[in-house]
Amino acid sequence: PPPAPPAPPPSAPRCSDVALSATATASTAQGGNVAANAIDGNGGTRWESAAADPQWLQLDLGSVYELCEVQITWEGAYASAYQLQTSGDGSSWSTAASASATGVGLVSSTLPTGTTTRYFRMYGTTRGTGYGYSIYTLVLLAASPSPPAAPDVAAPLSPPSPPSGPPLAPPP
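Fair warning: this is a prediction, and the values are worked out from it, not measured in the lab.

Rules behind the numbers
- Residues numbered from 1 in each chain as written.
- Predicted model: local features only at pLDDT ≥ 70, side-chain atom pairs only at ≥ 80, totals over all residues.
- Heavy atoms only, no water.
- Helix = DSSP H or I, 4+ residues; strand = E, 2+ residues; numbered from the N terminus.
- Buried < 20%, exposed > 50% of the residue type's maximum accessible area, 1.4 Å probe, protein only.
- Contact = heavy atoms within 4.5 Å.
- Areas by Shrake-Rupley, 256 points an atom, 1.4 Å probe, with all protein chains shown as cover.
- Core = buried A, V, L, I, M, F, W, Y, C linked by side-chain atoms within 4.5 Å.
- Salt bridge = Lys/Arg side-chain N within 4 Å of Asp/Glu carboxyl O.

## A look at the overall build of the protein
A tally of regular secondary structure across the protein gives 0 helices and 9 strands. Expressed as a percentage of the 172 residues in the protein, the buried residues total 35%. The long-range share in the protein, meaning contacts at least 24 apart out of those at least 6 apart in sequence, stands at 73%. On the protein, roughly 10,200 Å² of surface is accessible, and the fraction owed to carbon and sulfur atoms is 57%.

## Details of the nonpolar core
Generally speaking, nonpolar side chains in soluble globular proteins are found buried as a group. Counting 32 residues, the largest nonpolar core has Leu 59, Ile 72, Trp 74, Tyr 82, Ile 135, Leu 138 and Leu 140 as the members making the most contacts within it. Elements with a contribution of two residues or more to this core: strand S4 (55–74), strand S5 (79–87), strand S6 (94–99), strand S8 (116–127) and strand S9 (134–143). Ranked by residues supplied to this core, first place goes to S4 with 8 residues. Aside from chain neighbours lying at most four places away, what touches Leu 138 is Ala 19, Ala 38, Ile 39, Leu 57, Leu 59, Gln 71, Ile 72, Phe 120 and Met 122.

## Quick word on the pattern of salt bridges
Proximity of charged atoms lets side chains of opposite charge pair with each other. A full pass over the atoms with the stated rule returns 4 salt bridges. Here Glu 48 ties to Arg 46 by a salt bridge, and the two come within 3.5 Å at their closest N and O atoms. The exposure class of Glu 48 is partly exposed, given its relative accessible area of 23%. Given the relative accessible area of 21%, Arg 46 is considered partly exposed. Close ionic contact of Arg 46 with Glu 75 constitutes a salt bridge, the shortest N to O distance being 3.9 Å. Of this pair, Arg 46 sits in the loop between strand S2 (23–26) and strand S3 (47–48) while Glu 75 sits in the loop between S4 and S5, placing them 29 residues apart in sequence. When salt bridges with common partners are traced through the structure, they connect Arg 46, Glu 48 and Glu 75 into a single cluster.

Shown next as structure tokens:
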């Protein structure tokens, strides 16, 4: 018989924008341009920070997700350098990727395979202008992580041996 065809490659996780249902907070907000504006799905609203470094925009995803990609649409007040950070508890942060913008527009950043987190933040380290940071939209594409593997189940025990000794008398 002919050889079996090769196994198909593992499918990529289905990613969707989990930022839309997240809770957003920020280091600062200016002129009513609050953190939630960056994740409201409306490209006409924005988050704007104070004009100082560093500044951050943080998302609580509510559950742990496997991250795929981050898409940030910057207003004229962009970050010339920033970090994409993750945290399991919202207080201890690890940098998953570093990125930069060169002006107004969309910057997409792919994150390392297997990056999982409950909390995510854009941590701006260097402003590209004299203004603060300003984000029209932050799209966080993610997939639910695979459920944990089922634990090994021990083989069932043999049925107990019948008791030894004289049989019990029937009840009256």
